[in-house]
Amino acid sequence: MLFNSLTFVAFYVVVTTLYWSIRRWELRKNLLVVASYIFYGAWNPPFAALLFTTTAMDFWLGRQIAKAQNQSGKKRWLVASVCMNLSMLGFFKYGNFLLQNFQWLLARVGIIYQPPHLDILLPVGISFYTFHSLSYTLDIYRGVLQPTRSLRDFILAVSFFPQLVAGPIVRAGDFLPQLAHPPRLKANQFLWGLALMTLGLFEKIVLADTLLSGPADRIFGYPGPLVALDSWAGVLAFAGQIFFDFAGYSICAIGAALTLGFHLKDNFRFPYAAIGFSDFWRRWHISLSTFLRDYLYIPLGGNQVRPLRMALNLVIVMFLGGLWHGAAWTFVVWGLLHGTYLVIERVFRIFFENKPWAGSPLTRAVAGCATYGAVCIAWVFFRASDFTMASRMLTGMFGGHPTGDMILTTRELLQIGIVTVGVIAMHWTMREESFETAVMRLPAWAITAIGSFMAFAIIFTQGTSNAFIYFQF
Amino acid sequence: MRSSISSFKERLRLPRLFFRRPSREEQIHGGPPLEFERPIPLAQWRGISVVVTIIVIAATAGWELYSRSLGYAPTLNDNEDLWTMARRRVEPESIVIIGDSRAWFDCDLDEFQKGLGKRPIQLAMAGSTVYPALADLADDKNFHGTIICSFVPHLFFAPPGSPPMERAEKGVKRYHNQTPAQHVSEYLGMWLEEHVAFLKPDDLSLEGLLNQLPIPNRSGARVPPTFPPYFQTEDRERRARMWEKCAEPESELAKRIQQIWIPLFTPPPPPSYVPPDVFLAKIKEGIQQRFGDTVAAIEKIRARGGKIVFVRFPHSGGLKELEDKIMPRQQSWDPLLQMTHAPGIYYSDFPELSGFNCPEWSHLTAGESVEFSKRLVPHLRQALKM
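Residues numbered from 1 in each chain as written. Chains lettered and ligands numbered in written order. Predicted model: local features only at pLDDT ≥ 70, side-chain atom pairs only at ≥ 80, totals over all residues.

Student: Tell me about the overall build of chain A, and please be specific about residues and values.
Tutor: Along the backbone of chain A there are 18 helices and zero strands. Taken over the C-alpha trace, chain A has a radius of gyration of 23 Å; the compact-globule value for 473 residues is 23 Å, and the two agree within 12%. A principal-axis box enclosing the C-alpha atoms of chain A has dimensions of 65 × 65 × 55 Å. Buried residues in chain A amount to 49% of all 473 residues. Sequence separation of at least 24 residues holds for 75% of the intrachain contacts in chain A that already meet a minimum separation of 6. (Helix = DSSP H or I, 4+ residues; strand = E, 2+ residues; numbered from the N terminus. Rg over C-alpha atoms; globule rule 2.2 N^0.38 Å. Buried ≥ 20, exposed ≤ 12 C-beta atoms within 10 Å, placed from the backbone. Contact = placed C-beta atoms within 7 Å.)

Here it is, written out as structure tokens:
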């Protein structure tokens, strides 16, 4: 079920009304479990069984980790949980990718092997719910969480419908405490939740789908060379589209959860105003970057190792972060590029951090522009279907096709330009504060005008229920 | 009064609370102990919500009234979900209409039912290639019914990856992969479209209006052709009828659409990145491939006892001249019938099927489509040996 669909509107109204009408907390939680499974099953009902299996296994494994008498026992159960989760993910998401690469490797040594094409359907949001569930056993192993005694509560923590299929990645340790006591219906919280849902839908339907996705799709689907202007316009359009698409989903999820009395953390914090790549990853897909930091980067030694090892750790983490996004080498290159960016940034810091000009507004502005430009270059690999396309795009962007084709209309170029300048200006204006603080500074009439504009724009735009980009991950 | 934000900041400094019972002071509004609580901006949310609701309702009602004043009325929009609904109704012995917008506009289901004894199912789709639907019926092992297939060369031979092919494939794909959520959304959407006039994505949506902005393009830019605006109504059986505004004599809308067909039906210049001779060879190869695939699909259907008849529907004016010039009958229609050994009805071969008026050169008006269908039925019966 997509947030930008009529089915979701009907589903949400029924669930929210029932939820706040029921007095008993246990019944309300049961309702949310049923609603979440309906929400998930509305894509492909059999996959709900897979979701339940993963969840039940982790619930049991979490208890085994807690019960184990010694560290090696705990580790064995944790390894079982990690293997179970990653093998599910591996089979459904990376099965064909691994087979193709195996075939390629065999061909390199002269063995011709034709693997069967596995007709595997990727369960929606498997990367997200696997991480929701995995965080539970990892936190129990780390000693920062006690296992819950209620399977129902754990099922709800993993499958809570606002965050189930495209994040934010909500750790069980952040969600389970909220199930201890019933939240109270607070008008301001509920209405703010609705306001966030409106903002999220506006970002998705109006900005991502209507103004940016068409040109981005055409540019990245064009089989010929393009001039620099069209190449850059396509990349900028995609940079805006993926932000509004994914941040829009996250804001909708946060808003929907808030209307039900649950608090989810921010997943984006004005990323296109980042100065440097560490800053970017503190602002982009925060729930994934903190997950990778806590469960991968720090266990690998984090910053507390020799510089070369630290650089390697960064590259390993970003390599896996890239692979998490999709079973293709283009995603891996995207991750490796970000890993390399992070390493280069550390080197720059060593040499220049203490220079008197390092913190000047001009330096910050240049660094901000450089960060945005480098992030856009990395997006080419994220969006391109293969390396031929990526290489053609990059060549076009850097003037390699002066006689290439022009395929965007003037209107589309204007749209991309206006939205890009708008999003960057907004991010820079608000980069040092939270979104809530920025809203609080606005007078009531401005909030009313913006809210009315966004709500009417959603109706006026007549969305087409395009899937959110991150569903495929 | 303390703001929610300062309370939030203080809370972040608290130690983890999950493992112990919080003190009264640590509890938020008497609620549960939380490690994290989202700040709620202080504002008059109730008042703001009421005013926003009033403004949005007023703006929506105003937009609806304005749309109706322009002549728009509630009707269904064609999409892959509506096509899927129709496809689901296909039974083993159904009569099915497939093809492009000419079959969609020009076939009257009531007249076909009267004349053929069975109500046909309308699967023709505007601006689409017929092959994906034909192949889908051929692969449906239960289907052994009758197919009435429209033929427009420009669309019939559209290559893989082209918009007509993608449009048709989208419908077939949706039929096979429609999720329960999409199914429910379609029913809810139909109800809305039957009551709200401004739900016209081609004309009255943000994208539709942006497309109408008269902004000139860069010279030499290979921009996609403009598609015609909304000019038909559609019901739940996917019966399309030309909008009266387009059917009026000397209609401005019809004239506008005529001028859209010409560039839309003119083959685009060869791409800059493929040598012209290679491109031409590929086009010829693609046409032969489509002939071959069509023959194979028809043989599958015939092997199960099914039948097919091709129909060339009326078209006129500059569009007819263009179609005849680009793809003459001898190079398209005749070889198709020869290769498939299928019967065909070319409207201009029969005086009673000729002389119909296509206001925008490509489709019949709702009234004329009824008469045309009535006159077409005896030819269909004869061709299909019914």
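The discussion continues.
Student: Requested: an account of the overall build of chain B, with residues and values cited.
Tutor: When helices and strands are counted, chain B shows 16 helices and seven strands. Each of the three principal axes of chain B carries a C-alpha extent, and together these read 90 × 55 × 50 Å. In chain B, once contacts between residues fewer than 6 apart in sequence are set aside, the share between residues at least 24 apart is 78%.

Student: Could you give an account of the pairing of strand E1 (residues 95–98) of chain B, with specific residues and numbers?
Tutor: All names here are of chain B. Of the two faces of E1, the one holding Ile-95 and Ile-97 and the one holding Val-96 and Ile-98 are both buried throughout. Examined bridge by bridge, E1 and strand E3 (residues 146–150) share four bridges and lie parallel to one another. Bridging from a neighbouring strand, Ile-95 pairs with Thr-146 of E3. By the bridge criterion, two bridges tie E1 to strand E2 (residues 121–122) in an arrangement that is parallel. Counterpart to Val-96 in the pairing with E2 is Ile-121. (Pairing = 2+ DSSP bridges.)

Student: Which residues make up the domain arrangement of chain A, and what values do they have?
Tutor: Residue and element names in this part refer to chain A. Domain boundaries in chain A define domain 1 (6–181) and domain 2 (189–472). When each unit is reduced to the centre of its C-alpha atoms, the spacing between domain 1 and domain 2 is 26 Å. Residue-level contacts link 22 residues of domain 1 with 22 residues of domain 2. Secondary-structure elements contributing two or more residues to the side of domain 1 that touches domain 2 are helix H1 (6–21), helix H4 (71–108) and helix H5 (126–142). Here the element with the most residues in the side of domain 1 that touches domain 2 is H5; it accounts for four residues. Of the residues contributing to the side of domain 1 that touches domain 2, the split by class is 13 nonpolar, seven polar and two charged. (Domains from an automatic or database assignment. Nonpolar A, V, L, I, M, F, W, Y, C, P; charged D, E, K, R; others polar.)

Student: For the sheet that holds E2(B), give the residues involved together with the corresponding values.
Tutor: Ordered by their spatial adjacency, five strands build an open sheet running E2-E1-E3-E6-E7 (chain B), and the pairing between neighbours is parallel. Either end of the sheet is taken by a strand with one partner, and the two such strands are E2 and strand E7 (344–346) of chain B.

Student: Could you give an account of the interface of chain A and chain B, naming the residues involved and the relevant values?
Tutor: Often, the extent of an interface is quoted as the loss of accessible area on bringing the components together. Residue-level contacts link 50 residues of chain A with 53 residues of chain B. Mapped by element, the contributors of at least two residues to the side of chain A that touches chain B are H1, helix H8 (187–221), helix H16 (410–430), helix H17 (435–441) and helix H18 (444–461) of chain A. Looking at the side of chain A that touches chain B, the element that brings in the most residues is H18(A), giving 10 residues.

Student: Help me get a handle on the pairing of E3(B), residues and values and all.
Tutor: Consecutive side chains of a regular strand alternate in pointing toward one face of the sheet and then the other. Residue and element names in this part refer to chain B. Within E3, five of the five residues are buried, which leaves it mostly tucked inside the rest of the structure. Here E3 shows no split at all, with Thr-146, Ile-148 and Ser-150 on one side and Ile-147 and Cys-149 on the other all buried. Alignment of E3 against strand E6 (residues 307–312), held across five bridges, turns out to be parallel. Across the sheet, residue Ile-147 finds its bridge partner in E6, namely Ile-308.

Student: Give a description of H4(A) that names residues and reports values.
Tutor: All names here are of chain A. Here H4 spans only 43 Å end to end across 38 residues, well under the 56 Å set by a 1.5 Å rise per residue. The largest bend along H4 reaches roughly 75 degrees and is located at Tyr-94. Those residues of H4 hidden inside the fold are in contact with helix H3 (46–67) and H5. Where H4 ends, the next residue or the one after it, Gly-110, has phi of about 85 degrees, a positive value. (Expected span 1.5 Å × (residues − 1). Bend = angle between axes of the 7 residues up to and from the residue.)

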